[in-house]
Amino acid sequence: MSQVLPVTPLDTLIAALRRALPVLPVVAVIALLGLPAASGGEGGPNVADAVSGLVVLCCAVHLLRTRRRPLSATAALVLGLPVVGISVAAAGAADAGTGLTGLTRYLQIFVLVPAAVLLLVRDRRDLRLLAWSFVALALWQGALGVRQYVTGTGASYQGEDVRAVGTFGASDVMGMATVVAFGVVCAVALALGTTGARQRSVAVLCALVLLGPLALSFSRGAWIATAVACGAQLVLAGPRRAVKVVAALAAAGTILVGGLGFGSAMLQERVTSITQVTDAPDQSVTDRYTMWAAATDMWREHPLTGVGLKGFPDHRDSHASLALSSGSDIAGAGAAYHKQALLSPHNMYLLVLGEQGLVGLVALAGSWFALLVCALRGLVRVRRGARDAPGPGPAGGRAPHGTDCALVACGLLVWQLVDFVYADIGGPSTVLTGVVFGVVGWWALMDPSSEPGTGAVAPAAAVREEAAAR
């Protein structure tokens, strides 16, 4: 009679790693952004970018091994639509080398990495793993940012080295803000949609903790995008599940800012500056509006195809007014004082409009709008499935199983679309944008009949074809 050996924690860990093996390369991309940024130039490629290329390769190998159909017709159309505008703009670039560089970058962020993530994520457990990876990275970068603020070793802000930038340095002040904001959005989604009490409590705690470093990033665009995204998540989650989170966030804000005076003077000035965009704007706001006007002028001259990929810097001076400064002041966080040239309008929509014209903007924004519509339909599908399922519904107003994944996808996409009003692609954290669109794409284009929480997911069209074959 054979003896059954007990299952050890090591066995459990090995089994979990083996089950999550396909999605681990994506987790590695997220984890590598916790290392100090060491790009060759501002906005240049880094280790995470290189690993994102390996993610695409791993996806190809995984497809060959499992003999899966790559994408459904709908998924291929939605994810491939940006290729139209990108290719036309690359062909119209003034320099062939510059156009090829821009083509590679755009395809990486908006097509290849999202498609690879979509195909490597198999079920909702994989998506939750990526969501918690975002939270873990945000906690690490946020802890470094708070330390920089407390010790005065951050990037320069109003003459003091107090701006929290994490490992991204003074040249990419939006990097840590983006990472922490993604962590907040994922934590809020997990808090609102998770059915387990322990995970929900941990998610709420993480969201509250991350508010501190997000505030200390002094990034107005990230603040606005996070507020809009979390507000959208609360609306989508329903009032009963949202009241406790709103109360907890309000209490934390009161304690951090009002009770402890957590950066209150600088934060109050920064928040007030949001409403002074017309009356008394600071130089950064003036520069942004000037570059927005320059991008619009470029589009008027080339309405259909724009000035070509990476063409904004070459055409900037001929379209910008004299109000544009010579560059941003960069100092602190280990960097000597220098001027950083303003080479983009800090508005993704206007950047695409100026460089790719209406063809590029319609293709890219059309893909994003389709993802948003499909992601919202996925949330409705989950609620309808929970309502139509036999037996009692979720007790105590708890979310139906899968709501957390829907809120992660919808929240991340809303955050990215709002943030694109104040920022564009560039910097070491840009690769996360590709991962975000992949996460959203998986939820938006997943099979509606997949087993909640466990079953492997295939594109809807492939499942219909398999059912017809039977």
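Residues numbered from 1 in each chain as written. Predicted model: local features only at pLDDT ≥ 70, side-chain atom pairs only at ≥ 80, totals over all residues. Heavy atoms only, no water.

Student: Requested: an account of the packing of helix α3 (residues 47-66) against helix α6 (residues 96-120), with residues and values cited.
Tutor: Where α3 meets α6, the axes come as close as 9 Å, and the angle between the chain directions of the two elements is 45 degrees. It follows that α3 is oblique to α6 by the angle criterion. Once α3 is placed against α6, the crossing between them reads as left-handed. Of the residues in α6, those touching α3 at Asp49, Ser52, Val55, Val56, Cys58, Cys59, His62 and Leu63 are Arg105, Gln108, Leu112, Val113, Ala116, Leu119 and Leu120. (Axes fitted to C-alpha atoms, helices over the stretch in contact; angles between N-to-C directions. Helix = DSSP H or I, 4+ residues; strand = E, 2+ residues; numbered from the N terminus. Parallel < 35°, antiparallel > 145°, perpendicular 65-115°, else oblique. Left-handed = near helix turned anticlockwise from the far one by under 90°. Contact = heavy atoms within 4.5 Å.)

Student: Give me the lowdown on the packing of helix α10 (residues 220-237) against helix α16 (residues 403-419), citing residues and values where you can.
Tutor: Contact geometry for α10 and α16: axes closest at 8 Å, N-to-C directions at 145 degrees. Crossing angle aside, the handedness with which α10 passes α16 is right-handed. Side by side, α10 and α16 meet where Gly221, Ala222, Ile224, Ala225, Thr226, Val228, Ala229, Ala232, Gln233, Leu236 and Ala237 of the first sit next to Leu407, Cys410, Gly411, Val414, Trp415, Val418 and Asp419 of the second. Residue composition of the contact of α10 with α16, by class: 13 nonpolar, four polar and one charged. (Nonpolar A, V, L, I, M, F, W, Y, C, P; charged D, E, K, R; others polar.)

Student: Any details on the environment of Glu355? Residues and values, ideally.
Tutor: Turning to its location among the elements, Glu355 is positioned in helix α15 (residues 348-388). Linking Glu355 and His302, residues 53 residues apart in sequence, is a C-alpha distance of 8.7 Å. If we skip the residues at most four places from it in the chain, Glu355 touches Ala89, Tyr106, Thr305, Gly306, Val307, Gly308, Leu309, Lys310, Gly311, Phe312 and Pro313. Here the side chain of Glu355 touches Gly311 through a polar contact of 3.3 Å, landing on its backbone nitrogen. (Polar contact = N/O pair within 3.5 Å; in protein donor to acceptor, adjacent residues only side chain to side chain.)

Student: Quick one: what's the story with the pairing of strand β3 (residues 328-332), residue by residue and with numbers?
Tutor: Taken residue by residue, a regular strand's side chains alternate between the two faces of the sheet. Across four bridges, β3 lies against strand β4 (residues 335-340) in antiparallel orientation. Along β4, the bridge assignment pairs Asp329 with Lys339. A loop of two residues connects β3 with β4, the two strands running antiparallel in sequence, and Ala333 in this loop sits at a positive phi of about 55 degrees. (Pairing = 2+ DSSP bridges.)

Student: Can you lay out the side chain of Glu355 for me, pointing to particular residues and giving the numbers?
Tutor: Here Glu355 sits buried without a salt bridge, and the closest side chain of opposite charge, Lys310, lies 7.1 Å off (N-O distance). Within the structure, the side chain of Glu355 is placed 3.1 Å from the backbone nitrogen of Phe312, a separation counted as a polar contact. (Buried < 20%, exposed > 50% of the residue type's maximum accessible area, 1.4 Å probe, protein only. Lys, Arg positive; Asp, Glu negative; His and termini not counted. Salt bridge = Lys/Arg side-chain N within 4 Å of Asp/Glu carboxyl O.)

Student: Pulling in residues and values, what's your account of the environment of Gly154?
Tutor: Structurally, the position occupied by Gly154 is in the loop between α7 (124-151) and β1 (155-157). Sequence spacing of Gly154 and Leu144 is 10 residues, and the spatial spacing of their C-alpha atoms is 9.3 Å. Excluding its chain neighbours within four sequence positions, the residues that come into contact with Gly154 are Gln148, Asp161, Val162, Arg163, Gly332 and Ala333.

This is a description of form; function is not addressed.
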